[in-house]
Amino acid sequence: MPQRLGRCAGPRSSSTHGSHNARRRAAQQDARHPDPSTTTEVAGHPQNSLLTCCYTGPYSGANRFAKPVCVGGGMSVSISDVAARAGVSRATVSHVLSGNRPVSQRVQDLVREAMRDLGYVPSRTAQNLARGTTRTLGLLVPDIGNSFFAELAKGVEQTAIERGFNVLLGNTGWTSERELFYLETLKSQAVDGVVYAAGAPAPTPHLAELLAGIPMVAVDEELGELAAATVVSDNRAGGVLTAHHLAGLGHRRAAVIGASPDLVSGIQRVDGFVAAWIELAGRAPTVVKGTFEEESGYQAAVELTSLIRAGEVTAIFALNDLVALGALRALREAGLTVPVDCSVVGFDDIWAARHVTPGLTTVRQDAVGMGSLAATVLLRVLGHPGSDAEPGRHVLPVSLTERGTTAPPPATTGGDDRDGH
């Protein structure tokens, strides 16, 4: 039998105040004569609540005085309400929502119409937990303010959403404490797996224990056996490319800045550059330790200013673009001109590298592609169909993008002298 819908919404005037019995009679009257424009007060609900009141049974027999089902004002619609509205069982509504059992198109239409009428939104969390999955991935990055990691996150998110997964993002701030906090949080949220861009030194025993208990793909940084799979760029090749570019311009005196002994990516970039530089320039470069943050690049360049003025350093290889941007700021404040007095090369090719003046020569990583591949590999680890990337170690190629911060060294430095004399 077709069921009718009554509505009650908006605050009542003071004239509607009365006893409990009066409110009950108002509800009964609404049940007898439902009208979409009717405004009434329902017992047990605050007067100022916005309510949508729906009587979900037939208007006959004992049900003719039934109390409407009220949606809003702090109350929610349940699957039982949908079932009653559609005239089917709870199990049938569940089958329509899950798609696990065949249900006729007519019944599906009835259920979905009831859902629309009642404003019912299925709980994805409840559905996923019933399947043994939350369809949620965690993503941890060390610095979301660095657009390299923002692009990486975009790649993870795009792939996850295409496969029907959500993504929870945590910004760890280059610290083990924050990494531990977020991993514990993600584990408590029962995420299916984690894409993990480490930003801290080697994991503590507690951190390693947490990582071992969660399906995880390491991205951008190596984590060895703790990761089910690894997706990184060819960092060593990027260092070699930079050495060949600067040596090809005639430089023989170079410095490396932002060199952290704690992160594998930085170590590999330094190793590649130093080995190639010794072969090409006949001498080892100056190496200034630091971090992957802009202020580290600024301080390193300040330290190098006197060597640059003396012609002892004519080129700087910054281990990421933020470090390079910090160096450019310091050199500018010192009155030095890039690339006339000193050439600068970065690593990452972030958005700012293309928009500073002069444009930053840098080693390009495919951050979006790296994030997308990491998510694809993680979904394969989780056994998700349609993910064809195998677990293991994936190394993505890099390339050098030449812009305005590199040029031949000043003529007075004797830059063509391989022995530096």
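Structural notes, computed from the coordinates. As the structure is a prediction and not an experimental result, all values here were calculated from the model. (Residues numbered from 1 in each chain as written. Predicted model: local features only at pLDDT ≥ 70, side-chain atom pairs only at ≥ 80, totals over all residues. Heavy atoms only, no water.)

1. What about the sheet that holds strand β11 (residues 343–348)?
- Sheet architecture is open: six strands sit in the order β9-β8-β10-β11-β12-β14, paired in mixed fashion. The sheet is open, and its two edges are formed by β9 (286–289) and β14 (399–401), each paired on a single side. Adjacent strand axes in the sheet meet at a mean angle of 20°, parallel and antiparallel pairs treated alike.
- Here three bridges tie strand β10 (residues 315–318) to β11, and the two strands are oriented parallel to one another. Bridging across to β11, I316 finds its partner in V344.
- Along the sheet face, helix α12 (residues 321–333) touches β8 (254–259), β10, β11 and β12 (361–364) and points at about 155° away from the line of β11. (Pairing = 2+ DSSP bridges. Helix = DSSP H or I, 4+ residues; strand = E, 2+ residues; numbered from the N terminus. Axes fitted to C-alpha atoms, helices over the stretch in contact; angles between N-to-C directions. Contact = heavy atoms within 4.5 Å.)

2. With respect to empty space enclosed by the protein
- Evaluated as defined, the whole model comprises two cavities of 30 Å³ or more.
- Here the second largest cavity defines a volume of roughly 60 Å³.
- Put simply, the parts of the chain that give the lining of the second largest cavity at least two residues each are α6 (147–162) and α10 (264–281).
- Considering only residue class, the lining of the second largest cavity consists of three nonpolar, four polar and three charged. (1 Å grid on protein atoms, 1.4 Å probe; cavity = no way out; pocket = protein on both sides within 12 Å on 5 of 7 lines; lining within 4 Å. Points joined across faces, edges and corners; volume = space filled by probe spheres on them. Nonpolar A, V, L, I, M, F, W, Y, C, P; charged D, E, K, R; others polar.)

3. Description of the environment of A160
- Tracing the sequence through the fold places A160 in helix α6.
- Each residue touching A160, except ones within four places of it in the same chain, is listed here: L137, F165 and V167.

4. Some points on the packing of helix α11 (residues 294–309) against α12
- Packing of α11 against α12 leaves a shortest axis separation of 7 Å and a crossing angle of 45°. Classed by the angle they form, the pair α11 and α12 counts as oblique. The way α11 lies across α12 gives a crossing that is right-handed. Within the contact between the two elements, α11 uses E294, E295, G297, Y298, A301, V302 and I308 and α12 uses L322, V323, L325, G326, A327, R329, A330, L331 and E333.
- Residue composition of the contact of α11 with α12, by class: 10 nonpolar, two polar and four charged. (Parallel < 35°, antiparallel > 145°, perpendicular 65-115°, else oblique. Left-handed = near helix turned anticlockwise from the far one by under 90°.)

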